[in-house]
Structures are given as structure tokens and as C-alpha cells.
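Read off the chains here:
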Amino acid sequence: MAAEHEISRQQDLYYADGSVVLFAAHAGQTHAFKVHKSVLGSHSRVFADMFALPSATELETYDGVDSVNMPDDAKDLEDLLRALYYPATILSMLENRNPLAAMKYRGIFMLSQKYFVRVLQKLLRARFRADWPSTLQEWDKLMEQYDSLSESTVPQHDAASQFVDNRMLEPASAIRLAREANLPEILPAAFYMLSTISPFMDFDSLRSGSPPTLTDSEGNVLVWVPGERTARWGLLTPSDMMCLMRGKHYLTEFAQKIDQEAGRCLCDTNHCVQYINRRKLLKGPTQDLLRVLNEIGSTVTPAHYSCHDAMHMLASRCIEARSRLWENFCYYFGLPDIDDDQNDDDSDDVALGDPEGAEFRNE
Ligand SMILES: [Zn+2]
């Protein structure tokens, strides 16, 4: 235990009538929480067992009660205790689609799993599941919302607000959390979203005081367009990077196949509308193939137009390909198959409301 003067008592989590003091460190500082064994034990069987230990394994004492040195980060522990003692904090965690959720609530989510705080664990799990689309329809709905965000973003006064993706889900942090907290169901959409973001668009470095200069393959300086997405690339593990590369490879191949199978229009010219649309498929990385397929699929030509038949065929092929593509994500990115039974005793899982129409938070 740290020397007395180095201990910081967490005022609103330091109860005079508490029955146990928990110590935890954060950034070299020891924090003390005086809480109740009964409260902790009622939420968590790990805590219940910890405090039920026979007095043979004597606990140290502090401030007149038992004390325990916790191995956890004090900030995470504080979040956990606050959620147990001040339920309103849970409500703010469960607000719809907080874009920072995967970063902000990672600690408390991991602790709720570690200490089996079942209610909290279930609520957070449900939150993350609801955030990420699990069907193509949900994905399209989310992209519609994001498009309207981009359109409504006019030049702002503060530097941060030019990053429209401050209000969007960040895929790399979500992938990291999904791996650590065993939430495989959010991986397909998160990996696909990441595949649509340029590796040069780094979340942190572009927001830093001296953002890097972006250039093209010939070294020409590129003008950064507000609205372009960024990702926290540094959070990806080497094996997740491999999954991403694998997925991008298959996405390119998928697009090439559609192009090949569509064949040339009878007009056989380079200003043919079908030819121009097929070329969109081959733009290569980094493109949002679901979006491109939708664009091509929505191209309508007059029936009497000479290229109509070829274009119509290509358009319907592209629309049909979208669902096939979505269903292939697990295979393309090398992800575990989503199996509803994998979350063992989660049959009583909680469901959150439809996030559609909810306000986006931007903290
Ligand atoms: Zn043609």
C-alpha cells in the first residue's frame, strides 16, 4: 500500500460507513474507495466470493476496515463503482451510438466481465451490438445518416468540428474491443467500414497540432477534404491488419468478377454508359464497394437508349451482388462465423431500442 500522503480518497465513493477500502492506481497515483462489501457482493459473485474468504487469509486494514489492493486501473474501477452506486451514469453510457464508446467504456466493460457484474456487462454488450449494423439494411440506414451528417457540415469555427467523423463510429477501436471482450458479431461491419478508410487518414495524427502532409503516389500534396473518414490505425493488431488485407483483396476480386461477368455492351465504345459504370468497379482501394454497387444499381437509362439492355443487366447484377457481398464478410475478412449460441448464458440478453432517429452525441 502506498504511503498515506500519496493516497487520494475518491470523495463521492468514499463512504464513512463503508466496510471495505479498495486501492487502485492510475498514472502513478493511488486512489482509495471506501465502499460496501454487501453492495459489491450483490452485483458481482466475484466480489461476493472475495469478501466471503475465511479470515485465515487475512485482509489488510485501512481506516478501520478491511482493505484490498486491486490490480485494476483506478479510473476503470471508479467507472465501475460509480455505475453501481450512481445508476444514472449507466444511462449516459447507454445513450445511442456514442462514437467514443469503444474507447470510453472499454475499461468498465472489461471490468464488468472480469468481476461478473452481469447487468452492466449485458447492457454494455447490448449497446455495442445495437451500434453496429448486423444486416445490409441496417448498414444502408447508417450510411444514410452519415451522408446527411456530411452534407449538413458546413465549415465550422473550431478545428475539431471539421472532422465529421467525430460523430461516427470509429472501426479500429471497435475491432479492438470486439476482440478483447468477445463481441464477434460487430466485427464484419467494423472491418468493412475500416476497409473503406484510407490508411493515410489517421485519426490521431490528423487531429494533432502538426498534421502530416498527405500526398499522392507522385508526391503531389493532396488537399484534405473535410468529411473524409479517419481511423485509429494504431489500435489494430498485426493479425487484425492481416484480416483487413485479406478482406480488401477479396473485395477487389469480387468487383473484378462483376466487371468481367457483365461483359461489354454491344455498342463497344468507351463512352458507353455501361462501360463507364463498369470502370467504377475497378477503382480499387480504398473504395466503399457497397456504395459503388448501389450507385451503379441505381443508374437508369431510357428504354430506347442503345446501351439500355447492357446497363440494365449490370445494374441488377450490382444490386443482387450487394447482399452476397455482405454475407461474405466473415469469410473475406477471416472472421469467426456469427453463431447466436456462442454467448452461452446470454439467452436473457437485454435488447435496446432502435437507435434510428436518435441524436448523435459528440463529446
Ligand atoms: Zn453501350
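This text goes with the structure placed above it.
Residues numbered from 1 in each chain as written. Predicted model: local features only at pLDDT ≥ 70, side-chain atom pairs only at ≥ 80, totals over all residues. Heavy atoms only, no water.

### Digging into the coordination of the zinc ion
Those protein atoms acting as donors to the zinc ion are C265 (SG), C267 (SG), C272 (SG) and C307 (SG), and they sit at 2.2 to 2.4 Å. Around the zinc ion, the four donor atoms sit at angles spanning 106 to 113°, and that spread fits a shape best called tetrahedral. Between the donor residues of the zinc ion, the gaps in sequence give the motif C-x1-C-x4-C-x34-C. In this pair, C265 is assigned in the loop between α12 (238-262) and α13 (273-281) and C307 in the loop between α14 (289-297) and α15 (308-332), connecting sequence segments 42 residues apart. We classify C307 as buried; its relative accessible area is 4%. (Donors = N, O, S within 2.8 Å, 3.2 Å for Na, K, Ca; no water. Tetrahedral: all angles 85-135°; square planar, octahedral: opposite > 155°, others 65-115°. Helix = DSSP H or I, 4+ residues; strand = E, 2+ residues; numbered from the N terminus. Buried < 20%, exposed > 50% of the residue type's maximum accessible area, 1.4 Å probe, protein only.)

### Regarding the pattern of salt bridges
Taken as a whole and judged by the stated rule, the model has 24 salt bridges. Between D12 and R82 there is a salt bridge, with its nearest N and O atoms 2.4 Å apart. Pair noted here: D12 is in strand β1 (residues 7-14) and R82 is in helix α3 (residues 74-85), with a separation of 70 residues, a long-range link. Here R179 and D240 are joined by a salt bridge, their closest N and O atoms 2.8 Å apart. (Salt bridge = Lys/Arg side-chain N within 4 Å of Asp/Glu carboxyl O.)

### Description of the packing of aromatic side chains
Summed over all chains, the structure comprises 15 aromatic pairs. Relative to Y62, the ring of F23 lies with its centre 4.9 Å away and its plane at 80°, an arrangement referred to as edge-to-face. Of the two residues, F23 is situated in strand β2 (residues 20-26) and Y62 in strand β4 (residues 60-62); the sequence distance between them amounts to 39 residues. Neither residue differs from the other here; F23 and Y62 are each classed as buried. With a centroid separation of 5.2 Å and 55° between ring planes, the pair formed by W326 and F329 is classed as tilted. Taken together, the positions of W326 and F329, both in helix α15 and three residues apart, correspond to about one turn of that helix. Accessibility classification places W326 together with F329 in one group, the buried group. Within the aromatic cluster, the residues linked to one another by ring pairs are W139, F191, Y192, W326, F329 and F333. For the cation-ring pair, R207 lies above F203, with the distance from its terminal atom to the ring centre recorded as 3.5 Å. (Phe/Tyr/Trp six-rings, centres within 6.5 Å; stacked < 30°, edge-to-face > 60°. Lys NZ or Arg CZ within 6 Å of the ring centre and 35° of its normal.)

### With respect to the sheet that holds β4
Overall, mixed pairing links the five strands, which are arranged β1-β3-β2-β5-β4 in an open sheet. In this open sheet, the two edge strands, each paired with only one partner strand, are β1 and β4. Put simply, the sheet's adjacent strands are angled 40° from each other on average, direction ignored. In this structure, β2 lies alongside strand β3 (residues 29-35), joined through seven bridges in antiparallel fashion. Paired with F23 across the bridge in β3 is A32. (Pairing = 2+ DSSP bridges. Axes fitted to C-alpha atoms, helices over the stretch in contact; angles between N-to-C directions.)

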